[in-house]
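Here's the letter readout for the chains.
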Amino acid sequence: MTRLLLGALLGAVAGLLAARAWRRAPRFERGADPALLPEPALGWLRRAHGALGAFASDPRRDGSEAVLARDLDRSARHLAELPAIEDRVIRAQRAERGGVERLDAGTLVVVAEDGLAAAVLLRPDADPDLGLLERDLRQLLEGVRRRPRLTPLAEAERSPGRLETVESVGYRLAMHVEQVTRGEVIVAARLMTGVTVVGLGGTTDPRLSGLTAEPGTPLALMAEQGGEPRELADHPLGEVAGDRRRPRGPAMLFGIESEGQPVGAVALWAPPGGEIPASALAQAEVAIHAAGPRLARAIEAHRRKVEATLDPLTGLLNRRGFEEATRRVGLRRAAYIACDLDRFKRLNDTYGHPAGDAALVHFARVLQEQVRNIDHAARVGGEEFAVLLPETALEEARAVAERIRLAIETESFLWEGQRIPLTASFGVSACPESTRHLENLAAQADGALYTAKQGGRNRVVLAVPLLD
């Protein structure tokens with residue numbers, strides 16, 4: 001691993017020197033290590049195009065959302081337009097829509113795809129080759145897209161005594177098998193939430209990361225039941241793989257076991273135009289066998305962590321999990337929705353506690369359907385729920401709350417064949433619109449929720465701005 005990272009670092013340094021000599025036609029070398037992105041690649045991109053700034057939405061370690069990384073020329077560090085420019089890049093990332101925009105500070109060129117964005121702010125007098133610049137931005141995105149794969153590996157390398165995560169075991173195994181066979185690799189683990197892709201080789205479509213296999217698909221069956229290695233013609237993930245790039249040819253499927261019990265599976269495709277030698281397959285099987293006990297320990301640690309941070313009734317985050325998730329966000333702006341079911345005590349008294357529990361599960365399902373993957377939804381009390389929406393303005397959050405309110409009011413909640421009407425009340429706050437400090441959001445939203453309750457329930461109320 002150390003030799004691999006050292007080689008990648010030397011390659012990247014050589015690329016930087018070459019870029020300085022070839023500034024009219026900058027390129028990112030295909031062999032550049034994604035662990036070095038967004039730096040030094042951002043600085044390289046900015047200098048190669050003589051730009052004022054370069055930006056990239058950088059995936060966070062837990063994959064929950066993206067934040068913006070940047071490299072600025074010294075003359076651009078105090079630009080009055082800089083916050084607005086960064087906001088444009090984040091909005092482009094969320095909408096997955098790039099473009100070219102003329103600003104007072106210069107020309108902003110943005111490329112956005114697959115939930116990520118990269119951008120360059122050119123000088124006002126620049127006469128760029130936009131086609132070349134957009135190609136460089138797309139190559140930067142490809143590196144950024146792959147970067148999360150190496151993050152858990154680098155952490156494990158720095159802390160060899162630390163318990164491995166499911167992802168670090170998965171990506172170590174995938175990279176090892178890929179290095180031995182030169183093929184495309186998927187590693188899946190048997191988690192509480194289903195058989196999930198936890199590791200990919202460097203040439204495998206990164207959009208497969210984190211996918212949960214549908215029950216009954218070959219990958220799921222191998223991870224759950226084990227069995228002898230076998231070859232199959234169809235994609236082992238089945239239809240859940242969607243339109244993602246599919247490797248050519250049949251896949252080899254291997255089970256991962258620990259003490260005779262299945263804990264995961266590996267899918268392997270031969271490299272284009274070639275076959276995997278028997279000796280390489282044997283080495284791959286040895287690596288898969290050795291990874292079994294490590295993956296089992298990581299799965300058990302993952303189970304304990306999930307159980308400590310999830311509400312067992314609704315499957316949403318509990319208060320502890322919500323607080324941990326929001327501390328990881330690291331945002332400058334966000335919105336907060338506080339909500340609870342109206343007249344919940346009456347429902348419990350009339351129909352019994354099992355009906356109340358079913359209503360809470362129904363409410364949680366509606367919440368999950370109405371928010372994004374990057375949002376954090378939690379049950380923080382009896383009938384009290386909360387949602388944190390990263391990089392969301394107050395009016396956008398109000399619209400989300402109104403959508404949830406309407407869904408609760410109109411979607412049927414059935415209990416023992418009887419339709420029971422449900423409504424909910426909502427309080428919404430946002431930084432910086434209602435407060436300049438993220439830590440004030442919860443109290444503000446709770447105050448607005450109290451106002452909604454006092455005002456007749458089944459409504460959305462915005463927090464009153466604080467002079468903080």
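Placed above this text is the structure.
Let us look at the structure shown here. (Residues numbered from 1 in each chain as written. Predicted model: local features only at pLDDT ≥ 70, side-chain atom pairs only at ≥ 80, totals over all residues. Heavy atoms only, no water.)

## A short note on the packing of aromatic side chains
(1) Moving on: Taken as a whole and judged by the stated rule, the model has two aromatic pairs.
(2) Moving on: Between the aromatic rings of F322 and Y336, the centroid separation amounts to 6.0 Å while the plane-to-plane angle is 70 degrees, which identifies the pairing as edge-to-face. Of the two residues, F322 is situated in helix 8 (residues 319-329) and Y336 in strand 11 (residues 334-341); the sequence distance between them amounts to 14 residues. With respect to class, F322 is no different from Y336; both count as buried. (Phe/Tyr/Trp six-rings, centres within 6.5 Å; stacked < 30°, edge-to-face > 60°. Helix = DSSP H or I, 4+ residues; strand = E, 2+ residues; numbered from the N terminus. Buried < 20%, exposed > 50% of the residue type's maximum accessible area, 1.4 Å probe, protein only.)

## Quick look at the nonpolar core
General note: in soluble globular proteins, nonpolar side chains tend to be found buried as a group.
(1) Moving on: Core analysis: the biggest nonpolar cluster contains 35 residues, and I337, F363, F385, I404 and F426 have the highest contact counts within it.
(2) Moving on: Contributions of two or more residues to this core are made by strand 11, helix 9 (344-351), helix 10 (353-370), strand 13 (384-390), helix 11 (394-410) and strand 16 (424-431).
(3) Moving on: In this structure F385 touches T314, L316, I337, A338, C339, L360, F363, A364, L367, A378, R379 and V380, once residues within four positions along its chain are discounted.
(4) Moving on: The next biggest cluster of nonpolar side chains, apart from the first, holds 24 residues, and it includes V169, A189, I256 and I299. (Core = buried A, V, L, I, M, F, W, Y, C linked by side-chain atoms within 4.5 Å. Contact = heavy atoms within 4.5 Å.)

## Quick notes on the side chain of T435
(1) Moving on: Structurally, T435 is set in the loop between strand 16 and helix 12 (441-454).
(2) Moving on: T435 gets classed as buried once you look at its relative accessible area, which sits at 1%.

## Quick notes on helix 2 (residues 41-48)
The α-helix advances 3.6 residues per turn, and as a result positions three or four apart in sequence lie on the same side.
(1) Moving on: The element helix 2 is largely enclosed, with a buried count of seven among its eight residues.
(2) Moving on: Listed in full, the buried residues belonging to helix 2 are A41, L42, G43, W44, L45, R46 and A48.
(3) Moving on: One or two steps after helix 2, the chain reaches G50, where phi turns positive at roughly 60 degrees.

## Quick notes on the sheet that holds strand 13
(1) Moving on: Strands sit in the order 12-13-11-16-17 across an open sheet of five strands; the sheet is mixed. This sheet does not close on itself; its edge strands, each paired only once, are strand 12 (376-379) and strand 17 (460-462). Averaged over all neighbouring strand pairs, the angle between strand axes comes to 15 degrees, with direction disregarded.
(2) Moving on: The pairing of strand 11 with strand 13 spans seven bridges and is classified as antiparallel. For A335, the partnering residue across the bridge sits in strand 13 and is L389. (Pairing = 2+ DSSP bridges. Axes fitted to C-alpha atoms, helices over the stretch in contact; angles between N-to-C directions.)

## With respect to the pattern of salt bridges
A side chain with one charge can pair with a side chain of the opposite charge if their charged atoms come near.
(1) Moving on: Counted by the stated rule, this structure contains 25 salt bridges.
(2) Moving on: The partner of R88 in a salt bridge is E101, and the shortest N-O contact between them spans 2.9 Å. Taken together, the residues R88 in helix 3 (residues 82-95) and E101 in strand 3 (residues 99-102) connect sequence positions 13 residues apart.
(3) Moving on: You can call R88 partly exposed: its relative accessible area is 25%.
(4) Moving on: Salt-bridge contacts for K345 lead to D349; the nearest nitrogen and oxygen are separated by 2.9 Å. (Salt bridge = Lys/Arg side-chain N within 4 Å of Asp/Glu carboxyl O.)

## Regarding the sheet that holds strand 10 (residues 261-269)
(1) Moving on: Taken in spatial order, the five strands make up an open sheet running 7-6-10-9-8, and their pairing is antiparallel. Looking at strand neighbours, the two that pair on one side only are strand 7 (194-200) and strand 8 (230-232), the edges of this open sheet. For this sheet the average axis-to-axis angle between neighbouring strands, irrespective of direction, equals 30 degrees.
(2) Moving on: Both strand 8 and strand 9 (residues 251-258) contribute to a ladder of three bridges, which runs antiparallel. Residue pairing in the sheet places L232 in a bridge with A251 of strand 9.
(3) Moving on: Across the sheet, helix 5 (residues 166-181) lies against strand 6 (184-191), strand 7, strand 9 and strand 10, angled at about 55 degrees from strand 7, the strand it touches most.
(4) Moving on: Each of strand 6, strand 7, strand 8, strand 9 and strand 10 is contacted by helix 6 (residues 218-225), which is oriented at about 145 degrees to strand 10, the strand it contacts most.

## Looking at the environment of V263
(1) Moving on: Of note, V263 is situated in strand 10.
(2) Moving on: Among the residues examined, V263 registers a relative accessible area of 11% and is labelled buried.
(3) Moving on: Leaving out residues up to four positions away in the same chain, V263 has contacts with A188, A189, R190, A223, I256, E257, S258, G292, L295, A296 and I299.

## As for unusual backbone geometry
(1) Moving on: Each neighbour pair has its own omega, and for C431 with P432 the value is 20 degrees, a cis peptide bond.
(2) Moving on: Summarising the element assignment, P432 is placed in the loop between strand 16 and helix 12.
(3) Moving on: For E391, which is not a glycine, the phi torsion comes out positive at approximately 50 degrees.
(4) Moving on: Turning to its location among the elements, E391 is positioned in the loop between strand 13 and helix 11.
(5) Moving on: With relative accessibility at 13%, the residue E391 sits in the buried group.
(6) Moving on: Unusually for a residue other than glycine, E416 sits at a positive phi of about 50 degrees.

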